[in-house]
Amino acid sequence: MSAASVRPTARDFVRFDGVSVRYGTGTSAVQALERADLSFAAGDFICIVGPSGCGKTTLMQTLAGFLKPTSGEVSLEGKVVEGPGPERGVVFQQPALFPWMTVAANAGFGPRLRGSRDVDARAETWLRTVGLWEFRDRYPYELSGGMQQRLAIARALCGEPKILLMDEPFGALDALTRERMQEELHAVWRRTGMTVVFITHSVEEAVYLGTEVVVMSPRPGRIVDRIAVRFAREMAEDGIRAVKSDPEFIATRERVLSLIWQMGET
Amino acid sequence: MLLGWWALTISGVVARDLLPSPLDVWNAAQKIVRDGYRGTTLWGNAWSTVGRLLAGFGLAALVGVPLGLWMGRSRAVGAAIDWIVQFMRPLPPLSYMILLILWLGTGDGSKVALLFLTAFPIIVAASAAGVRSVSALRIQVAESLGASRAQILRHVVLPSAAPMVLTGLQVALAAAFSTVVSAELMAATDGLGWMVISASTFLRNDVIILCILILGVLGMGLAWMLRLLDRRLVHWRGRL
Ligand SMILES: Nc1ncnc2c1ncn2[C@@H]1O[C@H](COP(=O)(O)OP(=O)(O)OP(=O)(O)O)[C@@H](O)[C@H]1O
Ligand SMILES: [Mg+2]
């Protein structure tokens, strides 16, 4: 299951080429990323795991365009990333909603900025998808934590990005809500064929959601291994529950976990 | 409180001249409304006070909010102006009032200037802090949805700063209100503060109490109007 065996063509939809990031200068400098190389194809669901502080968020920020690598470059469809852009939607661990806007206005914010004519229709589509249509006239502070995060996802999707970047989007949710959101997200991914980069602390989540699990080393962050996974493509028929009890799933999960454990010891 | 006041005056514990009864004050009010006070009217005086207040405060808001927002946005502007604001803020306005009177006379000019200087640093500091406290995450979300710098300013920075700006305005109004009355007590030819000083020279304690009551109600009313505006404009305050 080496990385090269997974769809060898079109692997450079996104490319990280020797990306290093150093925060600060002098003695207090922190080397967060050290020559990280990674590329993947359109339509992939890439899950990134690794010990806390290894540079997962940093890696995502360079692709989002919020952070310029100290050296190396990140490109999307062959174009070097210079800054944030609407073709890359982001969802953070906190929903970061706009409390002065209604739920509908939050969802339609992206298209409205660009003066699209079908703002309302698009907002409706995505609000219905995440089950918030009834709450369209409410304000974000009237929603529960899980609903707020669903709205953040709807807002990102409403901008019709080519790629969705998610940094521990379900980290703050309870187990039940979390599972439901995983199913929803997965359904959207299967239907739209969109590319997703998903950072998580949960190896289990990574193994059943992703088409590929990327394992990072402790700081300075490097890409240690990439494991192709097949469960993401099967979830449609079987659902999360069935996948979780599949022996192959358990074996893959253990493999990733032991990789992370080994790194902790060295 | 009214009952206590009444009881105190009726029982005769305090002399009537020093503490007039509520009825005395009511009578004085009726008389002043009918006949005026020493060639001036109660409404005229009240209006002088409120007019000065609104002129000084309004100017301070008009200049202070944009300037504060700009300071919050631009590090250079913030650094250039911040120390002036920090210097002005702790100064009691009355300490430099005498200079303003020497420069601008005892008329409305010096008082409006005084109120401007009272409210201005408060408003500027609050507005700048409002902009600086904007969540970086919200800005990143807007950027990733394709917002331009101008759109971010309008749709994210300004609404995020609004709660602090409005708090600043409320604090500044209260400060300006107490300053306007003090200024009128010191040097004025009309206004409710002037009425208090004038009445004190004639030992008209009923008039003094009347003025204090009106001042209290006016202050409350103005603060209440700003609070109403606050609740309508920033309904999300404290939530999220
Ligand atoms: N703005 C910053 N300034 C200085 N150092 C930073 C900054 N952001 C992150 N770091 C450092 O860089 C390293 C990587 O941080 P990063 O947030 O990318 O890790 P992470 O893998 O996302 O961690 P977690 O799983 O805990 O979210 C950490 O050691 C952190 O202390
Ligand atoms: Mg992180």
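Before reading on, note that the structure itself is shown above.
Residues numbered from 1 in each chain as written. Chains lettered and ligands numbered in written order. Predicted model: local features only at pLDDT ≥ 70, side-chain atom pairs only at ≥ 80, totals over all residues. Heavy atoms only, no water.

Asker: Looking at this structure, I do not really get the overall build of chain A. What am I missing?
Answerer: Tallying secondary structure elements over chain A gives 9 helices and 10 strands in all. Along the first, second and third principal axes, the C-alpha set of chain A runs to 55 × 45 × 35 Å. For chain A, buried positions account for 56% of its 266 residues. Counted over contacts in chain A with a minimum sequence separation of 6, partners at least 24 positions apart contribute 70%. Both charge centroids of chain A, one from 32 positive and one from 33 negative side chains, sit 3 Å from each other. (Helix = DSSP H or I, 4+ residues; strand = E, 2+ residues; numbered from the N terminus. Buried < 20%, exposed > 50% of the residue type's maximum accessible area, 1.4 Å probe, protein only. Contact = heavy atoms within 4.5 Å. Lys, Arg positive; Asp, Glu negative; His and termini not counted. Charge placed at Lys NZ, Arg CZ, Asp CG, Glu CD.)

Asker: What should I look at first to understand the packing of aromatic side chains in this one?
Answerer: Between two aromatic rings, the relevant description is the distance of the centres plus the angle of the planes. Per the stated rule, a full pass over the model turns up 11 aromatic pairs over all chains. A centroid spacing of 5.8 Å and a plane angle of 45° characterise the contact between Phe45 of chain A and Phe198 of chain A, whose relative ring orientation is tilted. With Phe45 of chain A in strand E3 (residues 45-49) and Phe198 of chain A in strand E8 (residues 195-199), this pair connects stretches of sequence that are 153 residues apart. Comparing Phe45 of chain A with Phe198 of chain A, the two get one shared label, buried. Relative to Trp194 of chain B, the ring of Tyr37 of chain B lies with its centre 6.1 Å away and its plane at 70°, an arrangement referred to as edge-to-face. On the criterion of sequence distance, the pair formed by Tyr37 of chain B in the loop between helix H2 (22-35) and helix H3 (42-73) and Trp194 of chain B in helix H9 (residues 192-201) is long-range, its members being 157 residues apart. Comparing Tyr37 of chain B with Trp194 of chain B, the two get one shared label, buried. A cation sits over an aromatic face here: Arg136 of chain A above Trp133 of chain A, 4.2 Å from the ring centre. Above the ring of Phe98 of chain A, the side-chain terminus of Arg155 of chain A is found at 5.0 Å from the ring centroid. (Phe/Tyr/Trp six-rings, centres within 6.5 Å; stacked < 30°, edge-to-face > 60°. Lys NZ or Arg CZ within 6 Å of the ring centre and 35° of its normal.)

Asker: What is the right way to look at the nonpolar core in this model?
Answerer: In summary, soluble globular proteins display a tendency toward joint burial of nonpolar side chains. By size, the foremost hydrophobic cluster in this structure holds 102 residues, and its most contacted members are Phe16, Leu59, Leu63 and Ile163 of chain A together with Ile123, Leu169 and Met195 of chain B. With 14 residues, the top contributor of residues to this core is helix H8 (residues 149-186) of chain B. When residues no more than four places from it in sequence are discounted, the contact partners of Leu169 of chain B are Phe57, Ala61, Val65, Ile123 and Leu226 of chain B. Counting 50 residues, the second-largest nonpolar core is a separate cluster that includes Leu97, Phe170, Ile240 and Val243 of chain A. (Core = buried A, V, L, I, M, F, W, Y, C linked by side-chain atoms within 4.5 Å.)

Asker: I tried to follow the interface of chain A and chain B on my own but got confused; where do I start?
Answerer: With 25 residues of chain A at the interface, the matching set in chain B holds 19 residues. By the criterion of area lost to chain B, the three top residues of chain A are Trp100, Leu113 and Tyr141 of chain A, representing 34% of everything that side buries. Joining chain A to chain B, the criterion identifies 0 salt bridges. There are 4 residue pairs in polar contact (both at pLDDT 80 or more) connecting chain A and chain B. Listed by contribution, the elements that provide at least two residues to the side of chain A that touches chain B are strand E6 (88-91), helix H3 (109-113) and helix H5 (145-158) of chain A. (Buried area = accessible area lost by both parts, 1.4 Å probe. Salt bridge = Lys/Arg side-chain N within 4 Å of Asp/Glu carboxyl O. Polar contact = N/O pair within 3.5 Å; in protein donor to acceptor, adjacent residues only side chain to side chain.)

Asker: Just checking my understanding: could you explain the sheet that holds strand E5 (residues 79-80) of chain A for this structure?
Answerer: As a general point, the strands of a sheet are linked pairwise by backbone hydrogen bonds and lie either parallel or antiparallel. Residue and element names in this part refer to chain A. Ordered in space as E2-E1-E4-E5, the 4 strands form an open sheet in which the pairing is antiparallel. Each of the sheet's edge strands pairs with one partner strand only, and the pair in question is strand E2 (30-40) and E5. Judged from the 5 bridges that link them, strand E1 (residues 14-23) and strand E4 (residues 71-76) form a sheet pairing that is antiparallel. Its bridge partner lying in E4, Arg15 is registered against Ser75. (Pairing = 2+ DSSP bridges.)

Asker: I keep staring at a nonpolar patch on the surface and nothing clicks. Help me out?
Answerer: All names here are of chain B. Together, Leu2, Trp6, Ile10, Leu23 and Trp26 make up an exposed nonpolar region whose accessible area comes to about 560 Å². When contributions to the nonpolar patch are tallied by element, the ones reaching two or more residues are helix H1 (2-11) and H2. By residue number, the principal contributor to the nonpolar patch is H1, which donates 3 residues. Within the secondary structure, Leu2 sits in helix H1. Accessibility expressed as a relative area gives 52% for Leu2, which makes it exposed. (Patch = residues over 30% accessible without salt bridge, like charges linked within 9 Å, V, L, I, M, F, W, Y side chains within 5 Å. Areas by Shrake-Rupley, 256 points an atom, 1.4 Å probe, with all protein chains shown as cover.)

Asker: I'm lost on the pattern of salt bridges in this one. Help?
Answerer: Opposite charge on two side chains makes pairing possible when the charged atoms of those side chains draw close. Residues and elements named next belong to chain A. Tallied over the full model, the rule gives 18 salt bridges over all chains. For Glu212, the salt bridge is made with Arg226, and the minimal N-O distance between the two is 2.7 Å. Note that Glu212 is positioned in strand E9 (residues 212-216) and Arg226 in strand E10 (residues 223-228), a separation of 14 residues in sequence. Taken individually, Glu212 and Arg226 each receive the classification buried, so the pair is uniform in this respect. Salt-bridge contacts for Glu248 lead to Arg230; the nearest nitrogen and oxygen are separated by 2.5 Å. Here the residue Glu248 occupies a position in helix H9 (residues 247-265), and Arg230 occupies one in the loop between E10 and helix H8 (231-244), the gap between them amounting to 18 residues. Under the relative-accessibility criterion, Arg230 is labelled partly exposed at 30%.

Asker: Help me out: how do you make sense of the site of ligand 1 in this one?
Answerer: Residue and element names in this part refer to chain A. The local shell around ligand 1 holds 13 residues, among which Ser52, Lys56, Thr57, Thr58 and Arg219 are the closest. One of the side-chain N or O atoms of Thr57 is found 2.6 Å from an oxygen atom in ligand 1. Contact distances for ligand 1 include 2.5 Å between an oxygen atom and a side-chain N or O atom of Thr58. In isolation ligand 1 has 630 Å² of accessible area, and contact with the protein removes 63% of it. (Near = heavy atom within 4 Å.)

Asker: Please clarify how helix H5 (residues 94-104) of chain B should be interpreted in this entry.
Answerer: An α-helical turn contains 3.6 residues, so any two residues separated by three or four positions project in the same direction. Residues and elements named next belong to chain B. Buried within H5 we find Tyr96, Met97, Leu100 and Ile101. Axial view of H5: buried residues confined to an arc of 165°, hence all on one face. Of the residues in H5, the exposed ones pointing more than 90 degrees away from the buried face are Ile98, Leu102 and Trp103. Where the residues of H5 are buried, they touch helix H6 (108-132) and H8. The positive-phi residue at the C-terminal boundary of H5 is Gly105, with phi of around 85°. (Arc of directions from axis to C-beta.)

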